[in-house]
Amino acid sequence: MERFDFIGVGAGPSNLSLAALAQPVTDLSAVFLDAKPRFQWHPGIMLPGAELQVSFMKDLVTLVDPTSRYSFLNFLVEQGRVYRSLVANGTSVSRREFEQYYHWVAEQLPSVRWRRRVRSVELGEGALEVRSDDGESLKTRALVLGTGKEPVVPHFVASLRGPRLLHSSELLTVRPNVAGQRVMVVGAGQSGAEVVNHLLSEDRQLPSELVWVSSREGFQPIDDSPFTNEWFTPPYVDHFHGLPEERRQTLLPRQRLASDGVSESLLRNIYRKLYLLDTVGDGRLRHHLVPCRRVIDVRRLAGALVVTLHDEDRGATQRCVVDTVIFCTGYRSVLPDFLEPLRDRLTDTDGRLQVGEDYSLNWDGPAGLRIYVQNFAENSHGIADPNLSLAAWRSARVLNSIAAREIYRVDQARATTDWAWEPTSPTPDPTPMATLVEQR
Ligand SMILES: Cc1cc2nc3c(=O)[nH]c(=O)nc-3n(C[C@H](O)[C@H](O)[C@H](O)COP(=O)(O)OP(=O)(O)OC[C@H]3O[C@@H](n4cnc5c(N)ncnc54)[C@H](O)[C@@H]3O)c2cc1C
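What you see is a predicted model, and the numbers here were worked out from it, not measured in a lab.

How each quantity is defined
Residues numbered from 1 in each chain as written. Predicted model: local features only at pLDDT ≥ 70, side-chain atom pairs only at ≥ 80, totals over all residues. Heavy atoms only, no water. Helix = DSSP H or I, 4+ residues; strand = E, 2+ residues; numbered from the N terminus. Rg over C-alpha atoms; globule rule 2.2 N^0.38 Å. Buried < 20%, exposed > 50% of the residue type's maximum accessible area, 1.4 Å probe, protein only. Contact = heavy atoms within 4.5 Å. Areas by Shrake-Rupley, 256 points an atom, 1.4 Å probe, with all protein chains shown as cover. Pairing = 2+ DSSP bridges. Axes fitted to C-alpha atoms, helices over the stretch in contact; angles between N-to-C directions. Parallel < 35°, antiparallel > 145°, perpendicular 65-115°, else oblique. Left-handed = near helix turned anticlockwise from the far one by under 90°. Nonpolar A, V, L, I, M, F, W, Y, C, P; charged D, E, K, R; others polar. Near = heavy atom within 4 Å. Polar contact = N/O pair within 3.5 Å; in protein donor to acceptor, adjacent residues only side chain to side chain. 1 Å grid on protein atoms, 1.4 Å probe; cavity = no way out; pocket = protein on both sides within 12 Å on 5 of 7 lines; lining within 4 Å. Points joined across faces, edges and corners; volume = space filled by probe spheres on them.

(A) Focus on the overall build of the protein. From N to C terminus, the protein includes 14 helices and 21 strands. Against the globule reference of 22 Å for 440 residues, the protein gives a C-alpha radius of gyration of 24 Å, in line with a compact fold. Across its three principal directions, the C-alpha atoms of the protein cover 80 × 65 × 50 Å. In the protein, which comprises 440 residues, the proportion classed as buried is 50%. Sequence separation of at least 24 residues holds for 70% of the intrachain contacts in the protein that already meet a minimum separation of 6. For the protein, the exposed area adds up to about 22,200 Å²; of that, 49% sits on carbon and sulfur atoms.

Here it is, written out as structure tokens:
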């Protein structure tokens, strides 16, 4: 049985970053197994025109090793497009181009093996044994999970899924026929906005009616302001990880718009398209943008779908008949089935797994064997975890932990905000505030 210092399961952006950073480290052996035939980045929703929501510097390596040959900049240079890209892209990059870049890196990494779906991980003699569906068994002392997240739809629509009721992640694989149809889009995050923009993009494919439902108070932009952006820096991740569990769970929903809001340019685009359709278009499209509504039920009725909404403003229930519903209701972290044999040994609090600062799971297995998680630790490491912002830094931290030495520096970043500020040496006999005011 082949043996490796560590095995990555999944080779999406999270583990691809780890694979790229590990490539020059010659004394550590690693392999990355992915179920797909080749690198693909959310192919079901890779819509034309979709833009990367972060700077291209948040690629697989640059923020910890700007000299790495696996940077986006090096990709542009090697493809002969660096000057054209500078002129064409400015600060934004299309998601398709970033997928090309990921693919280019993956092709160069001998440690990545495609068409390997991991089926089980078991505790063997002094090692974790990883089996994939091609029958291969491998041994390791450290496993790094990078299997991504699972699309979420409300439980009551599970049995209705198909060409008329789908999750946004299936849009380009299911390709529902929307032309001249009544379509409802549920969810007003980035995916919801991208789907709406897509539905409005082709005049000949326009729905007859579009209902866009938001459970929030409106169709809100991402908070991309400077101090909010500091939640996406290593010092904040460490600060957040050190907070009591209860405090973390209070903060996360309050910070949601920093990650789940819509890019402002996309909102402007949609607004303008609707304006033009209403004023100079042929009036074929009726549209209803409805905030403060929750879908509470969906039934099939004579080939159509009857959707029940709860109107949170007025505390009322509404019914609406449409032909197609597209749920843009996000993704959630789920422990993969292949870890079931070890589930009882993983420590949890209220159903949440305990993740250490170095992204290793708390468990009662042999101390020399570790399980790390990538993109699975929002509860413990904060709002930046599912985002690409810290992929390189997180991978570097995992790699340092596996190697038990500092291969990459991960502690030099500073922020402007001082979350853990303590006033220095309080005066032993402070002048009462009232006296200070009087003296002035
Ligand atoms: C549509 C979309 C757009 C996004 N755009 C941005 C953005 O612009 N900026 C940003 O910061 N973030 C963005 N994100 C968030 C995040 O960066 C991405 O979701 C990113 O793809 C996460 O990478 P990952 O490697 O953790 O997971 P994934 O990309 O989901 O990769 C997981 C991999 O694991 C493999 N896998 C799963 N199970 C197994 C198994 N049992 N055996 C072997 N392999 C397995 C899968 O085949 C897959 O390749 C976006 C998310 C979505 C959904």
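(B) Region of the structure containing the sheet that holds strand S3 (residues 30-33). Spatially, five strands are ordered S4-S3-S2-S8-S21 in an open sheet, and the strand pairing comes out parallel. The open sheet has two edge strands with one neighbour each: strand S4 (112-113) and strand S21 (370-373). Pairing analysis gives two bridges linking S3 to S4, with the strands arranged parallel. For Phe32, the partnering residue across the bridge sits in S4 and is Val112. Against the sheet, helix H1 (residues 13-22) engages strand S2 (6-9), S3, S4 and strand S8 (142-145), with an angle of about 150° to S2. Strands S2, S8 and S21 of the sheet are contacted by helix H13 (residues 391-403), whose axis makes an angle of about 175° with S21.

(C) Region of interest: unusual backbone geometry. The backbone phi angle of His42 is positive, close to 40°, even though this residue is not glycine. Of note, His42 is situated in the loop between S3 and helix H2 (72-78). Taking relative accessible area as the criterion, His42 reaches 48% and is therefore assigned partly exposed. One non-glycine residue, Cys292, adopts positive backbone phi at about 55°. Checked against the element boundaries, Cys292 lands in the loop between strand S13 (286-290) and strand S14 (293-301).

(D) Spotlight on the packing of H1 against H13. At their nearest, the axes of H1 and H13 sit 9 Å apart, and the two run at 60° to each other. What the angle tells us is that H1 and H13 run oblique. When the axes of H1 and H13 are compared, the crossing they make is right-handed. Between H1 and H13, the residues in contact are Ser14, Ser17, Leu18, Leu21 and Ala22 and Ala391, Ala392, Arg394, Ser395, Ala396, Val398 and Leu399, respectively. Partitioned by chemical class, the residues of the contact of H1 with H13 number eight nonpolar, three polar and one charged.

(E) Layout of the site of the ligand. Neighbouring residues of the ligand: 28 residues in total, closest Ser14, Asp34, Trp41, Gln53 and Leu388. A distance of 2.7 Å separates an oxygen atom of the ligand from a polar atom in the side chain of Asp34. Between the ligand and Gly146 there is a distance of 3.4 Å, counted from an oxygen atom to a backbone nitrogen or oxygen. Calculation on the ligand without its partners gives an accessible area of 980 Å², and the protein chains cover 87% of this total. In terms of residue class, the shell around the ligand is made up of 13 nonpolar, 10 polar and five charged.

(F) Quick look at the layout of surface pockets. In this structure, the second largest pocket encloses a volume near 260 Å³. Surrounding the second largest pocket, Pro48, Leu171, Leu172, Arg175, Pro176, Asn177, Val178, His198, Leu199, Ser201, Glu202 and Gln205 form its lining. Breaking the lining of the second largest pocket down by element, the ones donating at least two residues are helix H5 (171-174) and helix H6 (190-199). Of the residues belonging to the lining of the second largest pocket, the class tally is six nonpolar, four polar and two charged.

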